[in-house]
Amino acid sequence: MNWDDPTDTGADAERLVGAVADREDQAVEAALRPKDLGEFIGQEKVREQLDLVLRAARARGATADHVLLSGAPGLGKTTLSMIIAAEMGAPIRITSGPAIQHAGDLAAILSSLQEGEVLFLDEIHRMSRPAEEMLYMAMEDFRVDVIVGKGPGATAIPLELPPFTLVGATTRAGLLPPPLRDRFGFTAHMEFYEPRELERVVHRSAHLLDVEIEPAGAAEIAGRSRGTPRIANRLLRRVRDYAQVKADGLVTRDIAHAALAVYEVDERGLDRLDRAVLQALLKLFGGGPVGLSTLAVAVGEERETVEEVAEPFLVREGLLARTPRGRVATPAAWAHLGLTAPRGTAGGTGQQDLFGT
């Protein structure tokens, strides 16, 4: 049960298969989060490496190295930060990059930290540049310079900080400047989950939520969860509701299949928006190539919604390709929608049309 707790909202937060947490997710996840590394499911390499880092720090009687966690929303960055604090027997302070707009905001947080405390900074790449530069010195020397006054009369007053552990989380590691990345002693990238790992997540959630579920039912939910524990947890709750109203409360494969059909989540985890994009691309534009703006108009969505919400999963699933000439459907997209690609398209005659030959 490993999820983040991002504060972003928008189109993705409104989708049943969106990876951004809404208020309901946040309330449920607080009760379902694992408390230590032994309970944490998946991310085997990250768990093993992090366990060594924390054990060594405890043996030395020192604070743990600063930790950077990157990966898509919903994979467990917030959960791991809480586990780090629990394993070190330290309190945790949680904030986010967008909440720190000025260096003074960061100075106020840092100056109030206790020795050994864990500071979790979500979406660290969205922090303001002045605060970012202050963080360099705080991470390396446990000191910040507080500027008093303005102009030529301004003076810098050094403020010593107690040793602390910064856990930074980001969905876009490439936006972090190298000087900031280099100050983290341990970095880890969170991978999407395999279906078998998500089945374990679903079973654990079902137990904690007092939901009776069969292995086949858990497998059905896991297979539609886009490799993301948060989505698996959300789908489980919706299937639970369906089972309580339409059946006897037991989640079987057939019940899970019927429930997710009601919520328009298909066998590969595609929802209404995903299928609308594919159907427009295939039926209106013959599989492409077609420009993003044209495709967005065809499905009645904003360009940013199609590009940032729908496309990443379709590309990852091999159903859509981004090319210099525009968006192109793959043969797998035609097959998934049960359509036959016309001859002369990329889906009908191979990859030739992707390159205009």
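Please refer to the structure higher up on the page.
Every value quoted in this text rests on a predicted model; they were computed, and no experiment measured them. (Residues numbered from 1 in each chain as written. Predicted model: local features only at pLDDT ≥ 70, side-chain atom pairs only at ≥ 80, totals over all residues. Heavy atoms only, no water.)

1. Overview of the packing of aromatic side chains
Within a pair of aromatic rings, the relevant descriptors are the distance that separates the centres and the angle that separates the planes.
Move 1: Per the stated rule, a full pass over the model turns up one aromatic pair.
Move 2: For the pair Phe142 and Phe164, a centre-to-centre distance of 5.5 Å together with 80 degrees between the ring planes defines the contact as edge-to-face. Note that Phe142 is positioned in the loop between helix H5 (129–141) and strand E4 (143–148) and Phe164 in the loop between strand E5 (155–160) and strand E6 (165–170), a separation of 22 residues in sequence.
Move 3: Phe164 gets classed as buried once you look at its relative accessible area, which sits at 1%.
Move 4: Positioned above the aromatic ring of Phe313 is the side chain of Arg226, whose terminal nitrogen or guanidinium carbon lies 3.9 Å from the ring centre.
Move 5: One residue, Arg316, lies across the ring of Phe192, its end atom 3.6 Å from the ring centre. (Phe/Tyr/Trp six-rings, centres within 6.5 Å; stacked < 30°, edge-to-face > 60°. Helix = DSSP H or I, 4+ residues; strand = E, 2+ residues; numbered from the N terminus. Buried < 20%, exposed > 50% of the residue type's maximum accessible area, 1.4 Å probe, protein only. Lys NZ or Arg CZ within 6 Å of the ring centre and 35° of its normal.)

2. Brief notes about helix H12 (residues 292–299)
Move 1: Burial in H12 covers these residues: Leu292, Leu295, Ala296 and Val299. The arc that holds every buried residue of H12, seen down its axis, measures 100 degrees, which confines them to one face.
Move 2: Residues of H12 that are buried make contact with helix H11 (272–284), helix H13 (303–316) and strand E9 (326–329).
Move 3: Just downstream of H12, Gly300 is the residue with a positive phi angle, here 70 degrees. (Arc of directions from axis to C-beta. Contact = heavy atoms within 4.5 Å.)

3. Some thoughts on the pairing of strand E8 (residues 320–323)
Move 1: Taken together, the four bridges between E8 and E9 define a ladder with antiparallel strand orientation. Along E9, the bridge assignment pairs Leu320 with Ala329.
Move 2: Taken together, E8 and the strand that follows it, E9, pair antiparallel across an intervening segment of two residues. (Pairing = 2+ DSSP bridges.)

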